[in-house]
Every structure is written in structure tokens, then in C-alpha cells.
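Structural description and commentary
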Amino acid sequence: MPLLILFRVLIYMNLEYNDCDTKKIVSDDVKYLKLFINKKYFKDDLEYLYLVVLYHFDIGEGKIISRLDNLSIIYPRLSWLYYYLKATKAYLNHDDIKALVNYEY
């Protein structure tokens, strides 16, 4: 069941809703996914997708960023999700240089 919820959240993240609406729609799902943060439920590339979702919703950001940086090397085909979110957050925080660097990835 958590795997299906993870995919549902990923789908909503990539639809053309604004960020506030997306957070309202998936708030219960994100709370449920947060319960698995230290459970090692998601393996391999699914762990990467799971951490990207948590990063997007600002859950456990300090611990997750280093794990995502390391996993980006292992899963380069999925790393665009992380770098896109990282660049968007930097842009919204008016850190244009960091945003451009991450958008380049």
C-alpha cells in the first residue's frame, strides 16, 4: 500500500496544480509516507523517489539532502527530479546562482 501512495503523490506532484493545492490534496498521503522515514521500507530507486517526495514537502530535510546527493550518483536517470526540486527551492529563496547550477543538471 505505501508504494501505491508514493506513486499517487508523485503523480500529483507532476500535475499542473500550484504548490498550495498539491499540498492540500496529498497532505494525508504525505503524513502516511512520513511514518516510513526510518523503516527502510523502500529499496533502491524507490527509496530515491521516496526521499524526493519527502524533500519536496520539507520533511527531514537535513538528513535527506545528504542521502539524496549520494543516491543521485547511483541513480543518474532519476536525479533530474531532485535537481529540479532543489533548483526550484533555490529560485524561490532568491538564490539564483544555486538555482541555475541545479537546473543545469
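How each quantity is defined
- Residues numbered from 1 in each chain as written.
- Predicted model: local features only at pLDDT ≥ 70, side-chain atom pairs only at ≥ 80, totals over all residues.
- Heavy atoms only, no water.
- Helix = DSSP H or I, 4+ residues; strand = E, 2+ residues; numbered from the N terminus.
- Polar contact = N/O pair within 3.5 Å; in protein donor to acceptor, adjacent residues only side chain to side chain.
- Expected span 1.5 Å × (residues − 1).
- Bend = angle between axes of the 7 residues up to and from the residue.
- Buried < 20%, exposed > 50% of the residue type's maximum accessible area, 1.4 Å probe, protein only.
- Contact = heavy atoms within 4.5 Å.
- Core = buried A, V, L, I, M, F, W, Y, C linked by side-chain atoms within 4.5 Å.
- Axes fitted to C-alpha atoms, helices over the stretch in contact; angles between N-to-C directions.
- Parallel < 35°, antiparallel > 145°, perpendicular 65-115°, else oblique.
- Left-handed = near helix turned anticlockwise from the far one by under 90°.
- Nonpolar A, V, L, I, M, F, W, Y, C, P; charged D, E, K, R; others polar.

**Quick notes on the environment of Ser66**
- Inspection of the secondary structure assignment puts Ser66 in helix H4 (residues 61–74).
- Within the local environment of Ser66, its side chain forms a polar contact with the backbone oxygen of Lys63, the two atoms lying 3.3 Å apart.

**Here's the deal with helix H2 (residues 19–34)**
- When the terminal C-alpha atoms of H2 are compared, their 19 Å separation across 16 residues is substantially less than the 22 Å that a helix rising 1.5 Å per residue should span.
- Approximately 60° is the largest bend angle found in H2, and it occurs at Val26.
- For H2, the set of buried residues is Thr22, Val26, Asp29, Val30 and Leu33.
- Here the buried face of H2 lies against helix H1 (2–13) and helix H3 (44–56).
- A distance of 3.2 Å separates the backbone nitrogen of Cys20 from a side-chain oxygen at the start of H2, and that oxygen is part of Asn18.

**A closer look at the nonpolar core**
- Counting residues in each nonpolar core, the largest one holds 28 residues, and the members touching the most others are Leu6, Val9, Leu33, Tyr50, Val53, Phe57 and Leu68.
- Those elements that place two or more of their residues in this core are H1, H2, H3, H4 and helix H5 (79–92).
- Top element by residues in this core is H3. It accounts for 8 residues.
- With residues up to four places along the chain from it excluded, the contact list for Val9 reads Val26, Asp29, Val30, Leu33, Val53 and Phe57.

**Describing the side chain of Thr22**
- Note that Thr22 resides in helix H2.
- In contact with Thr22, not counting residues within four places along its chain, are Tyr12, Met13, Tyr17 and Phe57.

**A few points about the packing of H4 against H5**
- Where H4 contacts H5, the axes come no closer than 10 Å and their chain directions differ by 135°. With respect to H5, the element H4 is oriented oblique. Between H4 and H5 lies a crossing of left-handed hand. Across the interface between the two elements, Glu61, Ile65, Leu68, Asp69 and Ser72 from H4 touch Ser79, Tyr82, Tyr83, Lys86 and Lys89 from H5.
- Classifying every residue of the contact of H4 with H5 by side-chain character gives 4 nonpolar, 2 polar and 4 charged.

**Comments concerning H4**
- The end-to-end C-alpha separation of H4 is 20 Å, in line with the 20 Å expected for 14 residues at 1.5 Å each.
- Taken together, the buried positions of H4 are occupied by Ile64, Leu68, Leu71 and Ser72.
- Taken together, the buried residues of H4 touch H3 and H5.

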